[in-house]
Amino acid sequence: MSLVQAIVLGTYTIFNYDPSDDEAKQLYARINKISVTSLEKVDLKESDSKEMKARLKVAEENMLYTLRHCKGDASETGLVQFAQAIMDLNETRAKYPTHVITGENGKETECLIPFSSDIKFNMFIRDMSKSTEGGQDANLSSFLKGAPERVLNRCSKILINGEEKEFTQELRDEVNKANSDFGKLGERVLAFARYNLPSNKYPKADYKFDVKTWKSWGLNPKQSAADYENTPGSFPMHGLTLIGVVSLNDPPRPMVDLSVAKCRSAGIKVIMVTGDQPPTAAAIAHKVNIIKHPKLEFNYLVNEMKMSPEEAMKKSTGIVIHGDLLAEKHLKEEHMDEDDPMKGAF
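Brief notes about the packing of aromatic side chains
Tallied over the full model, the rule gives eight aromatic pairs. Their ring planes at 40° and their centres at 6.3 Å tell us that Phe15 and Tyr65 sit as a pair that is tilted. Taken together, the residues span a long stretch of sequence, with Phe15 in strand β1 (residues 14–15) and Tyr65 in the loop between α3 (46–61) and β2 (70–71) at a distance of 50 residues. Plain terms: the ring middles of Trp217 and Phe235 are 5.3 Å apart, the flat faces sit at 85° to each other, and that makes the pair edge-to-face. In this pair, Trp217 sits in helix α8 (residues 215–218) while Phe235 sits in the loop between α8 and β11 (240–248), placing the two residues 18 residues apart along the sequence.

A few points about a nonpolar patch on the surface
Nonpolar side chains collect at one region of the surface, where Met313, Ile319, Ile321, Leu325 and Leu326 lie side by side and expose about 390 Å² of accessible area between them. Mapped onto the elements of the fold, Ile321 is located in the loop between α12 (309–315) and α13 (323–334). A relative accessible area of 37% means that Ile321 is categorised as partly exposed.

Overview of the sheet that holds strand β8 (residues 155–160)
The seven strands are arranged β5-β6-β7-β10-β11-β8-β9 in an open sheet whose pairing can be described as mixed. The outermost strands of the open sheet, each flanked by one partner alone, are β5 (112–113) and β9 (163–166). Pairing analysis gives seven bridges linking strand β6 (residues 121–127) to strand β7 (residues 140–146), with the strands arranged antiparallel. For Phe121, the partnering residue across the bridge sits in β7 and is Gly146. Strands β6, β7, β8, β10 (188–197) and β11 of the sheet are contacted by helix α1 (residues 2–9), whose axis makes an angle of about 80° with β11. Here helix α7 (residues 169–184) sits on the sheet in contact with β8, β9, β10 and β11, set at roughly 80° to β8.

Considering unusual backbone geometry
Even without being a glycine, Lys120 presents a positive backbone phi close to 60°. When you line up the elements, Lys120 lands in the loop between β5 and β6. Although it is not a glycine, Lys306 adopts a positive phi angle of roughly 60°. Counting through the fold element by element, Lys306 comes out in the loop between α11 (298–303) and α12. You can call Lys306 exposed: its relative accessible area is 66%.

Structural notes on the pairing of β8
Sheet analysis places β8 next to β11, joined by three bridges and oriented parallel. In the sheet register, Cys155 faces β11, and the bridge partner there is Leu240. In this sheet, β9 lies alongside β8 in antiparallel orientation, the contact comprising four bridges. Its bridge partner lying in β9, Ile158 is registered against Lys165.

Quick word on helix α10 (residues 278–287)
Taken as a whole, α10 has its buried residues at Thr280, Ala281, Ala282, Ala283, Ile284 and Ala285. In this fold, the buried residues of α10 make contact with α7 and β10. Note on α10: the residue one or two positions beyond its end, Asn289, has a positive phi of about 80°.

What counts and how
Just so you know, the residues in each chain are numbered from 1, in the order the chain's sequence is written. Thresholds applied to this predicted model are a pLDDT of at least 70 for local features of residues and 80 or more for the giving and counting of side-chain atom pairs; totals over whole chains, interfaces and linings are not thresholded and use all residues. Side-chain descriptors were evaluated using all non-hydrogen atoms of the structure, hydrogens and water having been removed beforehand. Working definition: rings of Phe, Tyr and Trp (its six-membered ring) pair if their centres are within 6.5 Å, and the pair is stacked with planes under 30 degrees apart, edge-to-face with planes over 60 apart, and tilted otherwise. Here a strand is any run of E in DSSP of at least two residues, a helix any run of H or I of at least four, and the numbering for each starts at the N terminus. Candidates for patches are residues over 30% relative accessible area with no salt bridge; among them, like charges are joined within 9 Å and nonpolar side chains (Val, Leu, Ile, Met, Phe, Trp, Tyr) within 5 Å. Each accessible area value is a Shrake-Rupley result obtained with a 1.4 Å probe; residue values ignore everything except the protein chains displayed when judging cover. Any carboxyl oxygen of Asp or Glu that lies within 4 Å of a side-chain nitrogen of Lys or Arg is treated as forming a salt bridge with it. Accessibility here uses a 1.4 Å probe with only protein chains present; expressed as a share of the type maximum, an area under 20% marks a residue as buried, one over 50% as exposed, and anything in between as partly exposed. The rule for pairing is simple: two strands pair if DSSP sees at least two bridges between them. Contacts: residue pairs with any heavy atoms within 4.5 Å of one another. Only the contacting stretch of a helix is used when fitting its axis, a line to C-alpha atoms as for every element, and angles between N-to-C directions run 0 to 180 degrees.

The structure is reproduced here in structure tokens:
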């Protein structure tokens, strides 16, 4: 249940269905056994429109969770549809709301870090005072959700059978293998972590969490929480507890593979840009015909066949390049002179 709770409290996507006027007209026509075309240029009475939309909302709420309309991040839709069957989103989020701080100007700010493509995770600080899980320190907890490569290196503990254990190298290797195995199936993998914030150090009544400029002290994944614990407004972004990893099957759209094949036959080179981790990207690229021979992909030859990078580059017919590597190379090239022959070589 801890993982399901982390999914609910670490996401912001909600079930939200707002029937359109056309949908209201369609239901009205069906109930009154008239043609929909007869209502094309006619507005329903306000009372009839409200009734039809109310009926549609009730009907939508009784649908299977996997068929209900969601509003929010696309990658979270499958997560909340799964979690809703076990733990009600609205009830749980109302019980453990996002913590709110009031600034000197009287403006309220929710304590959260929204997802962005550069950090590849999001974070919520939740008021867990109605929970007994944290013992005497049941006060506030931070919940982190994101790409495994961005979350795992911020964890020093792991939750096993409800108890926090040291995240040893053996356990880390096991989690990384599960992540890799899911990725090779073409599934999108997300990791969830949390940190129970002790009330004596982070009192919810007056502690001002710095969720605006946190990158200035907590962005570097290689540091520890001790490096910035005395920074005003800081809170642990390292030393977290891994709750678990979740994989989602997000298949490519139909006919994409045929479209790629047509592009190839026309002499068009197809390049896929994705935020997924390399194993997932390679598997999806294979499904859509971009990488025809997955066992001749550069990273596969290096990691699985133990070839040297030079030898693998000669034999490979495809390559998956991680965005972090691209960013690193581009940063280096920015400082090169314009006439430097190595600029743009990568």
